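Residues per chain, in single letters:
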Amino acid sequence: AEVEEEQTDELPALGTPTLGDYQPKPLFDFSTCLWCGRCQEVCPATQTKKSLSPKGVMLTLAEMLESGKMDDAGMIDNVGMETLFECRTCGACVEVCPAMTNPLKAMWNMRQNLMMERGEMPAHMLPAYRNMEALMHPFESSASPSDWREGLEVPEFKPGETEYLLWIGCAVTYEDRAQKIGRAVVKILNQVGLSYGIIEDARCTGDPAKQMGDDYLFSMMAGANIDLFNDHGVQKIITMCPHCFNSFTKYYPPLGAEYEVIPHARLLNELIEGGKVDLGKNSEKIAYHDPCYLGRHNRIFEAPRNVIESVGVLTELPKNHGDSFCCGAGGGNYWNEEEGERINYTRAQEAFDRGADKLVSACPFCLLMLTDGMKMYTEEQTVFDIAELVAESLLPETEQQDSSITQELKN
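Residues numbered from 1 in each chain as written. Predicted model: local features only at pLDDT ≥ 70, side-chain atom pairs only at ≥ 80, totals over all residues. Heavy atoms only, no water.

(A) Seen up close, the packing of helix α16 (residues 302–311) against helix α19 (residues 386–393). The interhelical angle for the contact between α16 and α19, taken along N-to-C directions, is 30°, at an axis separation of 10 Å. The orientation of α16 with respect to α19, classified from their angle, is roughly parallel. Classified by chirality, the crossing of α19 by α16 is left-handed. In contact with P304, V307, I308 and V311 of α16, α19 contributes I386, L389, V390 and S393. For the contact of α16 with α19, the per-class residue count stands at seven nonpolar, one polar and no charged. (Axes fitted to C-alpha atoms, helices over the stretch in contact; angles between N-to-C directions. Helix = DSSP H or I, 4+ residues; strand = E, 2+ residues; numbered from the N terminus. Parallel < 35°, antiparallel > 145°, perpendicular 65-115°, else oblique. Left-handed = near helix turned anticlockwise from the far one by under 90°. Contact = heavy atoms within 4.5 Å. Nonpolar A, V, L, I, M, F, W, Y, C, P; charged D, E, K, R; others polar.)

Structure representation (structure tokens):
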């Protein structure tokens, strides 16, 4: 006689509450970790004396695996909730691992269980999370969605007519300092005559929820944007935040939404190389900070450097390109409190010691964190977004015409 399969109403676990909930690749990672410690040598949390050590997490999971504790529900508590949320999701540990393991993914999976099944997160993150549930963005702000563009001519996106959606994002909308990024980009786009427009109803990609570990809330927020984009026929998007760029290109396609997305640093480089803008160059020393989600996660390193070299003298920070040091905001930690040394102060000191005239990045969260960090070392405003750098260096149209004529005569 055939044996009937046992029927169960038990739902699958969200995230990984036990070792048995991991896919084969992470389990293989735990067993092949070399315990060399290279991950913790580059981890911004470990290097600023926080409780997180990527090596420590991998060691804990490897020892549980070796002991056969596949169903041990105490796995996450052995690592610690606060420790898991110290991860900035910067990917530095993955970049340097000689065995190609992924401590980031292992920690993220445990976060997903904490957020979606156990409902646990650091208390300081909770207001941002509640705001995303209620307001579709994580900020506590009295700003209206139109404040950032006060006094500017910013076109609305018109279905069938406008080529690019200029995605504003939550930081540029609601943080005073980051609003200047949006204003600078608009100044540039208006001068070059690019076909673009905004949709003011849009708020946030949902990336902060994703980084915190709540895929469900992310899907809700992303779904609202996808419906909005479908209604407007959006096909091309300009982003001013690497987290938005990463979400649109990596997290939205599995939800059935694919767009042609260009980060503003790359767009600026293309406009400059294409002769669409003419810039005045000076001898200022400009240090560039690679945002984790533009550089390490998406391998966009040269475009912003090319832009900087068009307006000044590029100087590299001690940690740069794929080895860049995080600003401290990633993984939802812009809304969290820090133990130990502040990561943004550590990065700001590296820039200050370099003696550059300006510190430039291409991410609103990096801008906000580094601006705060540099206050420890100077009262002058020295931190700028790459769009501000270009907008400040734009030649008036009459000068551009004279420059073009001079160049033609030289040729």
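(B) A look at the packing of helix α11 (residues 176–192) against helix α18 (residues 364–374). Closest axis-to-axis distance for the α11/α18 pair is 9 Å, and the angle between their directions is 135°. One element, α11, and the other, α18, form an angle in the oblique class. The handedness of the crossing between α11 and α18 is right-handed. The residues of α18 that touch α11, namely those facing R177, A178 and I181, are P364, L367, L368 and T371. Per-class residue counts for the contact of α11 with α18 are five nonpolar, one polar and one charged.

(C) Molecular detail of empty space enclosed by the protein. With the rule as written, the count across this model stands at five cavities of 30 Å³ or more. Its boundaries defined by the atoms lining it, the largest cavity holds a volume of some 150 Å³. What lines the largest cavity is a set of 21 residues, and nearest its centre among them are D207, P208, H243, W335 and F365. Among the elements of the structure, α10 (169–174), α12 (207–212), α14 (242–251) and α18 are those that each provide at least two residues to the lining of the largest cavity. Sort the elements by how many residues they give to the lining of the largest cavity and α10 lands first, with four residues. Looking at the lining of the largest cavity, its residues break down into 13 nonpolar, seven polar and one charged. (1 Å grid on protein atoms, 1.4 Å probe; cavity = no way out; pocket = protein on both sides within 12 Å on 5 of 7 lines; lining within 4 Å. Points joined across faces, edges and corners; volume = space filled by probe spheres on them.)

(D) Structural view of the side chain of T205. Position of T205 among the secondary structure elements: in the loop between β2 (196–197) and α12. Each residue touching T205, except ones within four places of it in the same chain, is listed here: W167, F218, M221, A222, N225, C244, S247, F248 and Y252.

(E) Expanded view of the sheet that holds strand β1 (residues 164–166). Here we have four strands laid out as an open sheet, ordered β2-β1-β3-β4, and parallel in their pairing. With one partner strand each, in any of the chains shown, β2 and β4 (260–263) form the two edges of the open sheet. Alignment of strand β3 (residues 236–239) against β4, held across four bridges, turns out to be parallel. Counterpart to K236 in the pairing with β4 is E260. (Pairing = 2+ DSSP bridges.)

(F) How the structure looks around the side chain of T382. The residue T382 is located in the loop between α18 and β8 (383–385) in this model. For T382, a relative accessible area of 12% corresponds to the buried category. Non-local contacts of T382, meaning those with residues more than four positions away in its chain, are made with D357, K358, L359 and M374. (Buried < 20%, exposed > 50% of the residue type's maximum accessible area, 1.4 Å probe, protein only.)

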